[in-house]
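# Chain and residue survey
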Amino acid sequence: MAADAEPYAVCNMPYARGAGARLELYPPPKVGTIGSVVPRIEQLRALPSVDRVLRTAEAQAALARFGHRYVTDSVRTILDQLRQGLTTGAVAVPPPAEEVMAAALAHMEASQRLTMRPVVNATGVVLHTNLGRALLADAAVQAVLQAGAHAVNLEYDLGRGERGERDAHVEEDLRALTGAEAATVVNNNAAAVVLALNTLAEGREVLVSRGELIEIGGSFRIPEVLAKSGARLREVGTTNRTHVADYADAVTEHTALLLKVHTSNYRIVGFTSAVSLPELVQLGTQRGIPVMEDLGSGALVDLSTYGLPKEPVVAERLRSGADLVSFSGDKLLGGPQAGIIVGRRELVARLTRNPLKRALRCDKLTLAALAATLRLYRTTPDLRAVLPTLRWLTRPLAEMDAVGAAAIALLRDALGEGFRIELAASESEIGSGALPIENLPTRVIRITHPHEGAQEIARRFREAETPIIGRVQAGSFLLDLRGIFCPEDLVPKNSPE
Ligand SMILES: *Cc1c(COP(=O)(O)O)cnc(C)c1O
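Here we summarise the structure given alongside this text.

## Examining the environment of Ala 474
Checked against the element boundaries, Ala 474 lands in the loop between β16 (471–473) and β17 (476–480). Taking the relative accessible area as the measure of exposure, Ala 474 reaches 79% and is therefore exposed. Along the chain, Ala 474 and Ala 454 lie 20 residues apart, while their C-alpha atoms are 9.2 Å from each other.

Below you can see the structure in the form of structure tokens.
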């Protein structure tokens, strides 16, 4: 199905080029040699003074760029290192002022580098929580840049010239895409669940099946989140089997909500039975209790139309009668981190009136990215062409083979003797609990060396200027090609020593 997708010639890291300067300091003093070498007084005297270094031509440009204080501090840092190096013998001769200034400049440039920087995701995990989950579509990136650089009508109704609603920028598209009466957005799906439980069930009971009391990576545990929201958990059924009668028997005048949780990161197999959403909705309607579903990943479109395993679609869950459905913005949806709640107008209105909504609301950058992403869902015939998450998930094997063959040629040159580098078939995970059981067939480059372990090879790639993150599996280092569009991206460059 995905095989007819256009090959994407675009590099996957258009913003990462030229990021970060190389750190070039003088060698640090070798610990343990102090005292074993007589300080070379003459050498130390020959070291240029701070003033002398600041009089070099290079210093003038640096002073204009970084200011007197920072330049002076940096020159002192380098001179201190040189003094120690000369004392221990790690540095043989005092360098001229120009060289000291060049080192200070490199130091200053390296300090400009932020700790969070682009990495190459060669793990094969499409939605990798530790690597920031979904990559934004180009339209969403542009929207973030615009919103960041300009004043925007975030909460301003341009028609009436008065205060507006920030959710208005996404609500109409969310309604159109899910069929919901209303929608609201908070910082992530965990926040969405907390807001809903606190609003609808504070001081009252929420019924949840024991088979759905899950923990999602990063310490989101349904029982703990429920407790923190001020609601009381009432467990029903057993781990492997829950029947609608279990819910019905547990309903009392204290029951405020029936909560269904999509067990997105595990599956119970064997002698099992779960209550379907329509059954739960029927019970809720009879007893006048709202039903909410925490969908977790929440696909906006049916992924099986793209040849992928089926994941619950938000619109279908609402059609099945859920009063509220919550899901993440940065999982299968492929947008920014956000928690989206859609459903009945009257319930959503209660959520937005809760003071907690103010504490959990999204900023303009998130809303800009989300609005642009949702608009793509409404207006693009083939989402694979615009959404990186779908592009990765549906990546044709032939495309990975081609990128892999080119990357192997480059890696053979770059890594040198002794490495065995080969293309192999493997499986990649979707990640973030989405489609947990279904792995996708993929292609990897397997790199082994007779004397270097997989962890050492992994470190070599991780320490590149643009770090390359692969995975270690069965004692081999693997670079998964699912998210690699430029062979050059897999070649570790300029690793600072
Ligand atoms: C991922 C997930 C969450 C947490 O969502 P975040 O957006 O990461 O806060 C909650 N519930 C389920 C079922 C999930 O899969």
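Structure shown, so let's carry the discussion forward.
## Observations concerning the pattern of salt bridges
Under the defined criterion, the tally for this structure stands at 32 salt bridges. For Glu 346, the salt bridge goes to Arg 344, with nearest N and O atoms at 3.0 Å. Note on Glu 346: relative accessible area 43%, which makes it partly exposed. Its relative accessible area of 34% is what places Arg 344 among the partly exposed residues. Among the ionic pairs, Asp 382 bridges to Arg 384, the shortest N-O distance being 2.9 Å. Here the salt bridges share partners, and the residues they tie into one network are Glu 155, Arg 163, Arg 166 and Arg 361.

## Some words on the packing of aromatic side chains
Counted by the stated rule, this structure contains 2 aromatic pairs. Here the aromatic rings of Phe 66 and Tyr 70 are separated by 5.7 Å at their centres, their planes lie at 70°, and the arrangement is edge-to-face. Taking relative accessible area as the criterion, Tyr 70 reaches 28% and is therefore assigned partly exposed. Geometrically, the ring pair formed by Phe 461 and Phe 477 is tilted, given 5.1 Å between the ring centres and 35° between the ring planes. Pair noted here: Phe 461 is in helix α18 (residues 454–462) and Phe 477 is in strand β17, with a separation of 16 residues, a long-range link. Both residues of the pair, Phe 461 and Phe 477, count as buried.

## Let's talk about helix α15 (residues 364–379)
Taking 1.5 Å per residue, 16 residues should reach 22 Å; α15 reaches 22 Å between its end C-alpha atoms and fits that length. Within α15, burial applies to Thr 366, Leu 367, Ala 368, Ala 369, Leu 370, Ala 371, Ala 372, Thr 373, Leu 374, Leu 376 and Tyr 377. The inward-facing, buried residues of α15 abut α6 (138–149), α7 (168–178), β4 (182–186) and β12 (339–343).

Conventions we followed
Residues numbered from 1 in each chain as written. Predicted model: local features only at pLDDT ≥ 70, side-chain atom pairs only at ≥ 80, totals over all residues. Heavy atoms only, no water. Helix = DSSP H or I, 4+ residues; strand = E, 2+ residues; numbered from the N terminus. Buried < 20%, exposed > 50% of the residue type's maximum accessible area, 1.4 Å probe, protein only. Salt bridge = Lys/Arg side-chain N within 4 Å of Asp/Glu carboxyl O. Phe/Tyr/Trp six-rings, centres within 6.5 Å; stacked < 30°, edge-to-face > 60°. Expected span 1.5 Å × (residues − 1). Contact = heavy atoms within 4.5 Å.

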